[in-house]
Amino acid sequence: MKTIYLTMVLVALSLVSTAQVKVGDNAPDFKLLNTDGEMVALSDYNKEDGVILVFTCNHCPYAKLYEQRIIDLNKKYKSKKYPVVAINPNDSVAYKVDGYSYMVDKQYDFPYLLDNKGIFSEYGATKTPHIFLLKNSGDQFEVAYIGAIDDNPQDASEVKEKYLELAIQSLMEGKTPKYTSTKAIGCSIKPFK
């Protein structure tokens, strides 16, 4: 009987540790260090209609390919109440260039947060970049889209489907996005140990 109970506890713990949000779930709040030295929380954005949450980093070739597109998304949608918030989940011991001082050097015009608390795992982010489009449902942010920014990481000029932008436009029109989930393409996350 003790063996069965212990097995059930271990299974339950493994499910908790691999939990991830799905479309329609409430987005986990966070409070992380920004590159300006201030702490930033998801709840700081309660007056926005939504948040484009991007798990990204400095070293990954895919993150580098998408860097300008992420900057452009913030320029286009921040004034429309959908700002970008970027989170770097990678361990700077494994990848020095993902360290805080290198993050500061980026000088983004949106928050770039250091995830030394494992927030990425609460969301279920596995790649850099990995997008979680959040919509403000009044008292909580709800996950509306998960996945890739678009269908062509290699060449922005060859993009045929802008998954994220289509989802944002749908939300702005009060509709359900055509795509609520796509496969994130990028480097695997190397978390803090």
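Here the structure is a predicted model, which means the values were calculated and not measured.

A. Up close: the overall build of the chain. Secondary structure assignment for the chain yields five helices and nine strands. Across the 193 residues of the chain, 46% fall into the buried class. Of the roughly 10,300 Å² that the chain leaves accessible, carbon and sulfur atoms contribute 54%.

B. Here's a closer look at the side chain of His130. With respect to the helices and strands, His130 occurs in strand E7 (residues 130-136). A residue is classified by how much of its surface remains accessible, and His130, at 6% relative accessible area, is buried. Apart from residues no more than four positions distant in its own chain, His130 is found in contact with Leu53, Val54, Phe55, Gly124, Ala125, Ile146, Gly147 and Ala184.

C. Quick peek at the confidence of the model for the chain. For the chain, per-residue confidence averages 91 on the pLDDT scale, and residues scoring 70 or more make up 90% of the total. Every residue in residues 2-18 scores below 50 in pLDDT, and together they form zero contacts with partners more than four places removed in sequence or on other chains.

D. Quick look at the packing of aromatic side chains. Scanning all chains against the criterion turns up six aromatic pairs. Taking 5.7 Å as the distance between ring centres and 55° as the angle between the ring planes, the aromatic pair formed by Phe55 and Tyr123 counts as tilted. On the criterion of sequence distance, the pair formed by Phe55 in strand E3 (residues 50-55) and Tyr123 in helix H4 (residues 119-123) is long-range, its members being 68 residues apart. Exposure remark for Phe55: the relative accessible area of 0% places this residue in the buried category.

E. Fine view of the packing of helix H2 (residues 61-77) against helix H5 (residues 163-172). At a minimum axis separation of 12 Å, H2 and H5 run at an interaxial angle of 15°. On the basis of the axis angle, H2 is roughly parallel to H5. Relative to H5, H2 is oriented so that their crossing is right-handed. Across from Leu73, Lys76 and Tyr77 in H2, the residues of H5 making contact are Leu164, Glu165, Ile168, Gln169 and Met172. For the contact of H2 with H5, the class distribution of residues is five nonpolar, one polar and two charged.

F. Quick look at H5. By the criterion of burial, H5 is predominantly enclosed, with seven of the 10 residues buried. Summarising the contacts, the buried residues of H5 are in contact with E3, H2, E7 and strand E8 (141-147). Looking one or two residues past H5, Gly174 carries a phi angle of roughly 75°, positive in sign.

G. How the structure looks around the side chain of Glu67. With respect to the helices and strands, Glu67 occurs in helix H2. A polar contact of 3.2 Å, which involves the side chain of Glu67, links it to the side chain of Lys106. Leaving out residues up to four positions away in the same chain, Glu67 has contacts with Lys106 and Tyr108.

H. Molecular detail of the state of the cysteines. A full pass over the atoms with the stated rule returns one disulfide. Two residues share a disulfide in this structure: Cys60 and Cys187, whose sulfurs sit 2.2 Å from each other. Classification of the bridge connecting Cys60 and Cys187 rests on its S-S torsion, roughly 85°, and on that basis the disulfide is right-handed. In this pair, Cys60 is assigned in the loop between E3 and H2 and Cys187 in strand E9 (residues 187-188), connecting sequence segments 127 residues apart. The same class applies to Cys60 and to Cys187, which are both buried. Note on Cys57: no disulfide assigned, nearest cysteine sulfur contributed by Cys60 at a separation of 5.0 Å.

I. Local environment of unusual backbone geometry. Following Thr128, the chain continues to Pro129 via a peptide bond in cis, the omega torsion being 0°. Take Pro129: it is sitting in the loop between strand E6 (127-128) and E7. Although it is not a glycine, Lys81 sits at a positive phi angle of roughly 75°. Counting through the fold element by element, Lys81 comes out in the loop between H2 and strand E4 (84-88). The phi angle at Gln107 is positive, at roughly 50°, despite the residue not being glycine.

What counts and what doesn't
- Residues numbered from 1 in each chain as written.
- Predicted model: local features only at pLDDT ≥ 70, side-chain atom pairs only at ≥ 80, totals over all residues.
- Heavy atoms only, no water.
- Helix = DSSP H or I, 4+ residues; strand = E, 2+ residues; numbered from the N terminus.
- Buried < 20%, exposed > 50% of the residue type's maximum accessible area, 1.4 Å probe, protein only.
- Areas by Shrake-Rupley, 256 points an atom, 1.4 Å probe, with all protein chains shown as cover.
- Contact = heavy atoms within 4.5 Å.
- pLDDT = per-residue confidence, 0-100.
- Phe/Tyr/Trp six-rings, centres within 6.5 Å; stacked < 30°, edge-to-face > 60°.
- Axes fitted to C-alpha atoms, helices over the stretch in contact; angles between N-to-C directions.
- Parallel < 35°, antiparallel > 145°, perpendicular 65-115°, else oblique.
- Left-handed = near helix turned anticlockwise from the far one by under 90°.
- Nonpolar A, V, L, I, M, F, W, Y, C, P; charged D, E, K, R; others polar.
- Polar contact = N/O pair within 3.5 Å; in protein donor to acceptor, adjacent residues only side chain to side chain.
- Disulfide = S-S within 2.5 Å.

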